[in-house]
Every structure is written in C-alpha cells, then in structure tokens.
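Spelled out, the chains give:
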Amino acid sequence: MNWGSFYAVISGVNRHSTGIGRVWLSVIFIFRILVLVVAAESVWGDEKSGFVCNTQQPGCNSVCYDQFFPISHIRLWALQLILVSTPALLVAMHVAHRRHIDKKILKRTGRSSPKELEHIKNQKFQITGALWWTYMISIIFRILFEVAFLYIFYLIYPGFRMVRLVKCDSYPCPNTVDCFVSRPTEKTIFTVFMLAVSGVCVLLNLAEVVYLISRACKRCFGGPEEESKVAWISQRLPTYRQNEINQLIADHSLKSKLTLTKKCPTEKGERCSAF
Amino acid sequence: MSWPALYAQLVGANRHSTSLGKVWLSVLFIFRVMVLVVAAESVWGDEQSDFTCNTLQPGCENVCYDQFFPVSHIRLWCLQLVFVSTPTLLVAMYVAYRNHGDKKRLLQGSGRAGSLSSKGQEDDLETLKRRRLPIAGALWWTYACSLVFRLLFEGGFMYALYVVYDGFQMPRLVQCDQWPCPNLVDCFISRPTEKTIFTVFMATASSICMVLNMAELAYLVAKAVTRSLCSQKERKTCGKSSRERTRNKTNHKSLVST
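Everything quoted here is computed from the prediction, not taken from an experiment.

**Student:** Explain the overall build of chain B residue by residue, including any values.
**Tutor:** Helices and strands together make up the secondary structure of chain B, namely 8 helices and 3 strands. Beginning at the N terminus, the succession of helices and strands in chain B can be written as α-α-β-α-α-α-α-α-β-β-α. Put simply, chain B has 258 residues, and 38% of those count as buried. The contacts of chain B with a sequence gap of at least 6 include a subset with a gap of at least 24, amounting to 79%.

**Student:** Quick one: what's the story with the overall build of chain A, residue by residue and with numbers?
**Tutor:** Along chain A, the regular secondary structure elements total 11 helices and 3 strands. When burial is assessed residue by residue, chain A has 39% of its 275 residues classed as buried. Look at the contacts in chain A between residues 6 or more apart in sequence, and 79% of them connect residues 24 or more apart. For chain A, the exposed surface amounts to about 15600 Å²; the carbon and sulfur share of it is 64%.

**Student:** Describe the UniProt feature "transmembrane region" (unreviewed entry) in chain A, and please don't skip the residues or the numbers.
**Tutor:** Per the UniProt entry, the sites bearing "transmembrane region" (unreviewed entry) are residues 21-40, 77-96, 130-157 and 189-213 of chain A in this numbering. With 100% helix and 0% strand, the stretch residues 189-213 of chain A has end C-alpha atoms that lie 36 Å from each other.

**Student:** Give me the interface of chain A and chain B: which residues, what numbers.
**Tutor:** Quite often, the size of an interface is put as the accessible area lost when its parts meet. Each side of the interface is counted separately: chain A has 30 residues, and chain B has 34 residues. For the pair chain A and chain B, the summed buried surface comes to about 2700 Å²; carbon and sulfur atoms form 68% of the total. Here chain A and chain B share 4 salt bridges between them. Across the pair aspartate 66 of chain A and arginine 172 of chain B runs a salt bridge, and its minimum N-O distance is 3.0 Å. For the pair chain A and chain B, the number of links is 10 residue pairs in polar contact (both at pLDDT 80 or more).

**Student:** I'd love a proper account of the sheet that holds strand S1 (residues 52-53) of chain A, names of residues and values included.
**Tutor:** All names here are of chain A. In space, the 3 strands of this open sheet follow the order S1-S3-S2, with antiparallel pairing throughout. Each of the sheet's edge strands pairs with one partner strand only, and the pair in question is S1 and strand S2 (165-168). Of the pairings in the sheet, the one linking S1 to strand S3 (residues 177-180) comprises 2 bridges and is antiparallel in character. Paired with cysteine 53 across the two strands is cysteine 179, which belongs to S3. Across the sheet, helix H3 (residues 60-68) lies against S1, S2 and S3, angled at about 110° from S2, the strand it touches most.

**Student:** An account of the packing of helix H2 (residues 19-43) of chain B against helix H4 (residues 73-85) of chain B is requested, with residue identities and associated values reported.
**Tutor:** All names here are of chain B. For the pair H2 and H4, interaxial distance at closest approach is 11 Å and the crossing angle is 160°. Between H2 and H4, the angle is such that the two are roughly antiparallel. Considering how the two elements wind past one another, H2 and H4 form a crossing that is left-handed. Between H2 and H4, the residues in contact are Trp24, Leu28, Arg32, Val33, Leu36, Ala40 and Glu41 and Ile74, Trp77, Cys78, Gln80, Leu81, Val84 and Ser85, respectively. Here the contact of H2 with H4 is built from residues that sort into 10 nonpolar, 2 polar and 2 charged.

**Student:** Tell me about the UniProt feature "domain: Connexin N-terminal" (unreviewed entry) in chain A, and name the residues and values.
**Tutor:** Here, the residues flagged by UniProt with the feature "domain: Connexin N-terminal" (unreviewed entry) are residues 42-75 of chain A. The span residues 42-75 of chain A shows a helical share of 41% and a strand share of 6%, and its end C-alpha atoms are spaced 13 Å apart.

Conventions adopted
Residues numbered from 1 in each chain as written. Chains lettered and ligands numbered in written order. Predicted model: local features only at pLDDT ≥ 70, side-chain atom pairs only at ≥ 80, totals over all residues. Heavy atoms only, no water. Helix = DSSP H or I, 4+ residues; strand = E, 2+ residues; numbered from the N terminus. Buried < 20%, exposed > 50% of the residue type's maximum accessible area, 1.4 Å probe, protein only. Contact = heavy atoms within 4.5 Å. Areas by Shrake-Rupley, 256 points an atom, 1.4 Å probe, with all protein chains shown as cover. UniProt positions renumbered as here; feature names shortened; annotations may be inferred. Buried area = accessible area lost by both parts, 1.4 Å probe. Salt bridge = Lys/Arg side-chain N within 4 Å of Asp/Glu carboxyl O. Polar contact = N/O pair within 3.5 Å; in protein donor to acceptor, adjacent residues only side chain to side chain. Pairing = 2+ DSSP bridges. Axes fitted to C-alpha atoms, helices over the stretch in contact; angles between N-to-C directions. Parallel < 35°, antiparallel > 145°, perpendicular 65-115°, else oblique. Left-handed = near helix turned anticlockwise from the far one by under 90°. Nonpolar A, V, L, I, M, F, W, Y, C, P; charged D, E, K, R; others polar.

Below you can see the structure in the form of structure tokens.
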C-alpha cells in the first residue's frame, strides 16, 4: 500500500464530487502528495544524521534531536494527508449503499437484466437528500482535520521558520550545547509551501460548503418542479412499485370517468382541463 | 507478495462480507498498512544505527539493543497485520469450495438433461462465479469463526507489544549492564517521542478494528437470531394452516356423508 494505491482508492470518489471537489482532489494529489514524495522527503531525509551537536558526549545528539523534533514534519504531513483524504470515503460508502438498495429493488420488481444492473453500476447520483448530508459532513470533517493539523503544527513548531541553531542542555549533554539543524532554509521553503497549499485546500473546502448550501437553497426556493422530479426519481425508488399500482388505479378511474363523461357532454371542458 | 497483493486478495474475499467488514478492511489498509509503510517504517529505519551507548566498548551497543528490542515494533505490526488479515481467507476458501460443488452439480445436471446450449451453460457458470452468497448456514459459522480469530490475533499482538515493551511509551534512555559492557551504561534510543506517537496511533487503530470486529460479530448473531425466530413463526403459521386444511377436509367429508 503506498500513495499510488491510495490515489486509486480516493480518486474513485471523484465521480460523485462537485467541480470544486475535483479541484480540491487534484490540489491534494499534485501539490501536496506529489511534492511530499518527490521533494520534501529528500529534504528531510538526513534530518537526524545531519543534526550535529557541538559535543562528543554519546547520546546528546539523540536526546537533543528528540527534544526539538518530537515528530518530523514529513510524518505530520503524511498523517494529515491520510486523515484529510479519508472523509471522501464516507461518500463512496453511501453511494455503494444506494447502489446496493437499487439493485435489490430491481431484482424484486423482476427487472434484473444485466443491462439494468450495469446502468445502476455506472449511474451518477445527484448530490441531493441524504447524499447531500453525507457529502456535507465529509467536507466538514476535512476542514476540521486540516485546521487541527495546522494547529498541532503551530503548537509543536511555533513559527514557520526552521532555525539553524538550537541550544540544548538535556541529560547527558554536559552543559548547554549548540546543535545545528541540517538544511534549515530549504526546510523553511517547503514548510511555507505546504502550509500555503493546506490553506488553499481549506478555502476550497469552505467554497464547496457555500456552493452546496446555495444549491440546496436554490432547489428549495426556485425550480421546485424540475428538482422535485429528479429527487423523486432518485429517492422514491422504494415506492416505485406502489406508484405503478397507483398509476394503474388512476388509469382505471380515468377510464370510468371517460365512460361517465360520454353520457354527460356538458362536462367536456372539465375533462380537457383534467389532462 | 507485497501489501498491494494482500490487499487484492482481501478485496476479493470482501465481496461476501457485511458492511462492517468492508469498513474494517478500509480502516485496516488506510490507517494501519498505509501509515506503517508511508510513515512508521522511516521512523524506525535507523533504530539500530542510532542506538548509542555511552561507552566505546565494542559489542556493548549490539548486546544492549538486542536486550531492549527483542523484536522491532515494525516487525510486530507487520506480523499482526498479516495474521489479522488471513482469517478472511477462510471465508474465501469456503466460498470457493461451495462454488466448486455447485459448478460440479450444474455440469452434471446439464449433462443428464441432454444438450443444454453451451452459451446458456456459460451464463450459468458466470452467474455462479459472480453471485454473492448470503451469510447463512455453514458460511455464517465460517464467518463468525474468522471474526473470532481476528479478535484473538489483534488482542494477542497488542498484549505482546505491551508486555515486551512495558507499555506503549518509548523511553529516551535505557540502562544496560550486559556483558561486554564494562559497567551500567546509558544507552539512548533514537526518536523516542515520534516512536511513542506512532505506537499510540497504531494501538488506537488496532482497538478501533477490534471494536468493529465485535460489532460485526454482534450483528451476525442478531441476524441469525432474527432469522431463526422468523422461520419458527413461519413454521407455526404453516402448521396452523395445514391443521386447518385437514380439519376443513374432515368437516367437508362429514358434511358430504350426512
């Protein structure tokens, strides 16, 4: 399991995302994961071996390194990327659940031809109803994780600058020793870059939230007939059979009305308006 | 064989899992295997080379490292993940065995019936291959056993880690007096805080997996109990209606006779 297979898993969710969601996913993979793997990991590669203290005392290096770098930037970013990407799987699970229900209904109504099942498999669901809520919750979790990691980063490494020199006096260092960090400027550049992209991702997520809410409001207040039809098709499938029965009853009652109106020609106008 | 190959095997076996089983598989691969490969392995990469003891005595560092790290965390986690994933293959084996039996019966049946169109037979075999078996009967027992084994392995490995390393915290300094160390020497562990963070993370993920497995087991038991209650009800109503039918018959006969 590596970033490549992770990408394959997460990008499958892309089909059911909004446009902003797809942009967000591309930013995550290109500007964060790719940069992490291709560039940042080599900058931090020698972080421990290149951390040198001005002492011959064995163990002083290790202890001072541990004191100033409780968790490496690289690992923090890797965890952040994993945790931030996984809420998208909530949406994938919801979609899989909906497909499963639709398949079941099709089988029960006796229309489980391979063509129909294939259609269910490739169907793209509208982000309405329960899926809207799942999507919204996944975006909120994304934002929470991003902000939480930014805060943890700030707590552990206050300021975004990597210093060249740290002073350490933990045991077994004999006194206050100078310890030198390897590649501080390059690390500062990459830290600022990763934090900036993280900020951009937070903004994209906020924009997506606003977009989804505005779309939902538009659906509620404007164009109710069109949207309600779509909502009906995608949400009322369990009542499909009942609707078929209702249709039959309606047709039957219409037929009986027609036979009545044949005898009462004065109600012709009304009959036309009923259609 | 590598992690992606194991993933491919397990995803195939996962078709016959419950939804909780599918969630468990995702948690396993994303929060445990992926974190292990992408992050944890680099943290433990220099565990021996950077294990420094306050002595120049040759061999002392090796001996002290071996005393305090009989088996590395990384190796323990790899073993744990392998052991925990394999009970799912029990289910896959059982499904393969069932499919094999059904395939044989299908071929025999079509042979006896005469010439069934080869296309029709192929379609039937394909459906057999692709179908998803309901978790009932012997498959239920196989699945439940696999869950129990998963729980045992998870618990066992977590306990082993706790016992070997005396808790989940990695100390900065250990004191060692094994031969050939000349006296009690201080030995310093590399990146202890980062290792503690990852140990706690992996232990948490392991506990979440255990909770998911227990929930899945409870769900299976509940499903089995409901199914047996429903089938009992059905048998009672069938029994009642058949008794009614026989009573009606006898009544009818007695009426006819009079």
